[in-house]
Amino acid sequence: MRTFSLGRGATTPPDENDTTPDAPAPGTGSTTRAAEPAGAADEAPGPASGAGEAGLPAAAPVDAGTEGDHPADVRPGEDGPRPAVRRAVLVGFALALVAAVVCGVWWNGGRAAEADRAAALEKAQAAAVELTSINYETAEQDVRRVLDGATGDFGGLFAQNLDSYISLVKESKVATQGEVTGAGLENIDGDTARAIVAVKATVHNQSVPAGESRFYRMVTELQKKNGEWLVARVEFVP
């Protein structure tokens, strides 16, 4: 128990069992205790039991700060939204690439189909002109040209009657020249196609030496072999 008198500097010596530090007397040269922030004394750990340093001030607590204040927690290059943005860009690029490939395949496929249709129609028109353009002076070459572009029933039938047909052309001195006046592809399915061709032919022979015009409509069936369209059947229709 400590008692104080009202006089200046009069104090009762501290009890040996009292661990509360005393304020240093003026002029004794003792270091004045630094002011502690409020609540620091409660947070600082107390002295070990039985230690003889009860009069020393408690150490100020170390402010650990928040988790985000530690430099070690800061990871350079890991900005929050950037990984997600990069993923979105990569996904967008991949989708654009797939779309470009699909469009390219579709476009090339469309071009190939259109080219195939054009080739079939062109062959039907060429065959119609060859059939209606025969000259008795070049009969063998003209007939051979027709036969080279034929297949199936038409090719077989033409080959069987080749010699008789040439003889008839020469005897009658036939000279005809045909031209296409209209043509259209009725359908095409894989390696087969069907076209309708209108032809105007100017015919000269012994009966009509001055020549006359004749008009034909042909339904031509075609078949593709080794990438080439050939005439498989020809039918003259009204």
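Residues numbered from 1 in each chain as written. Predicted model: local features only at pLDDT ≥ 70, side-chain atom pairs only at ≥ 80, totals over all residues. Heavy atoms only, no water.

Enquirer: Is there a simple way to explain unusual backbone geometry in this structure?
Expert: Glycine aside, negative phi is the norm for most residues, and most peptide bonds take the trans geometry. Located in the positive-phi region is Lys173, a residue other than glycine, with phi close to 50°. The residue Lys173 is located in the loop between helix 5 (162–172) and strand 1 (175–189) in this model. Residues other than glycine seldom take positive phi values, yet Asn226 does so here, at roughly 55°. Within the element layout of this structure, Asn226 appears in the loop between strand 3 (212–225) and strand 4 (228–237). What makes Asn226 exposed here is its relative accessible area of 84%. (Helix = DSSP H or I, 4+ residues; strand = E, 2+ residues; numbered from the N terminus. Buried < 20%, exposed > 50% of the residue type's maximum accessible area, 1.4 Å probe, protein only.)

Enquirer: Mind showing me how you'd approach the nonpolar core here?
Expert: Most often, soluble globular proteins have nonpolar side chains that are buried together. Within the largest apolar cluster, 27 residues are counted, with the highest numbers of intra-cluster contacts made by Leu131, Phe154, Phe158 and Leu222. Looking at which element gives the most residues to this core, the answer is helix 2 (residues 82–131), with five residues. Apart from residues no more than four positions distant in its own chain, Phe154 is found in contact with Leu131, Val146, Val231, Ala232, Arg233 and Val234. (Core = buried A, V, L, I, M, F, W, Y, C linked by side-chain atoms within 4.5 Å. Contact = heavy atoms within 4.5 Å.)

Enquirer: Mind showing me how you'd approach the packing of helix 3 (residues 139–148) against helix 4 (residues 152–160) here?
Expert: Orientation of helix 3 relative to helix 4, taken along the N-to-C sense of each, is 155°, at an axis distance of 9 Å. Considering their axes alone, helix 3 and helix 4 lie roughly antiparallel with respect to each other. Taken as a pair, helix 3 and helix 4 cross one another with a handedness that is left-handed. Listed contacts from helix 4 to Val143, Val146 and Leu147 of helix 3 are Phe154, Gly155, Phe158 and Ala159. (Axes fitted to C-alpha atoms, helices over the stretch in contact; angles between N-to-C directions. Parallel < 35°, antiparallel > 145°, perpendicular 65-115°, else oblique. Left-handed = near helix turned anticlockwise from the far one by under 90°.)

Enquirer: Sorry if this is basic, but what is going on with the packing of helix 3 against helix 5 here?
Expert: The geometry of a pair of packed helices is captured by two quantities: the angle between their axes and the separation between those axes. Where helix 3 contacts helix 5, the axes come no closer than 10 Å and their chain directions differ by 140°. Classified by the angle between their axes, helix 3 and helix 5 sit oblique to one another. In this structure, helix 3 crosses over helix 5, and the sense of that crossing is right-handed. Here Ala139, Glu140, Val143, Arg144 and Leu147 of helix 3 lie close against helix 5, whose contacting residues are Leu162, Tyr165, Ile166, Val169 and Lys170. Residue classes in the contact of helix 3 with helix 5 are distributed as seven nonpolar, no polar and three charged. (Nonpolar A, V, L, I, M, F, W, Y, C, P; charged D, E, K, R; others polar.)

Enquirer: What should I look at first to understand the environment of Arg144 in this one?
Expert: With respect to the helices and strands, Arg144 occurs in helix 3. Once the C-alpha coordinates of Arg144 and Leu162 are considered, the two residues, 18 residues apart in sequence, prove to be 8.7 Å apart.

Enquirer: How should I be thinking about the confidence of the model for the chain in this particular structure?
Expert: The predicted structure's coordinates, where accompanied by low pLDDT, should not be read in detail. In this model, the chain carries a mean pLDDT of 74, and residues with pLDDT of at least 70 account for 61%. Per-element mean pLDDT across the chain ranges from 44 in helix 1 (residues 40–43) up to 95 in strand 2 (residues 192–204). Segment residues 16–54: pLDDT under 50, and 18 contacts once partners within four positions in sequence are set aside and those in other chains are kept. Predicted confidence for residues 65–74 stays below pLDDT 50, and this span has two contacts to residues more than four positions away or in other chains. (pLDDT = per-residue confidence, 0-100.)

Enquirer: Just checking my understanding: could you explain the packing of aromatic side chains for this structure?
Expert: Aromatic ring pairs are reported here in terms of the distance separating the ring centres and the angle at which the planes meet. With the rule as written, the count across this model stands at three aromatic pairs. Between Phe158 and Tyr165, the aromatic rings sit 5.7 Å apart at their centres with planes inclined by 55°, giving tilted as the arrangement. Relative to Phe236, the ring of Tyr216 has its centre 5.7 Å away and its plane inclined at 75°; by these criteria the two rings are edge-to-face. Of this pair, Tyr216 sits in strand 3 while Phe236 sits in strand 4, and the two are 20 residues apart along the sequence. Note on Phe236: relative accessible area 48%, which makes it partly exposed. (Phe/Tyr/Trp six-rings, centres within 6.5 Å; stacked < 30°, edge-to-face > 60°.)

Enquirer: Is there a simple way to think about the pairing of strand 3 in this case?
Expert: If a strand is regular, its side chains alternate between the two faces of the sheet. Here strand 2 pairs with strand 3 via 12 bridges, running antiparallel. Bridge pairing in strand 3 links Thr202 to Ser213. In terms of strand pairing, strand 3 meets strand 4 through nine bridges, oriented antiparallel. Across the sheet, Gln223 pairs through a bridge with Leu230, a residue of strand 4. The hairpin turn running from strand 3 into strand 4, its antiparallel successor, is two residues long, and Asn226 in that turn takes a positive phi close to 55°. (Pairing = 2+ DSSP bridges.)

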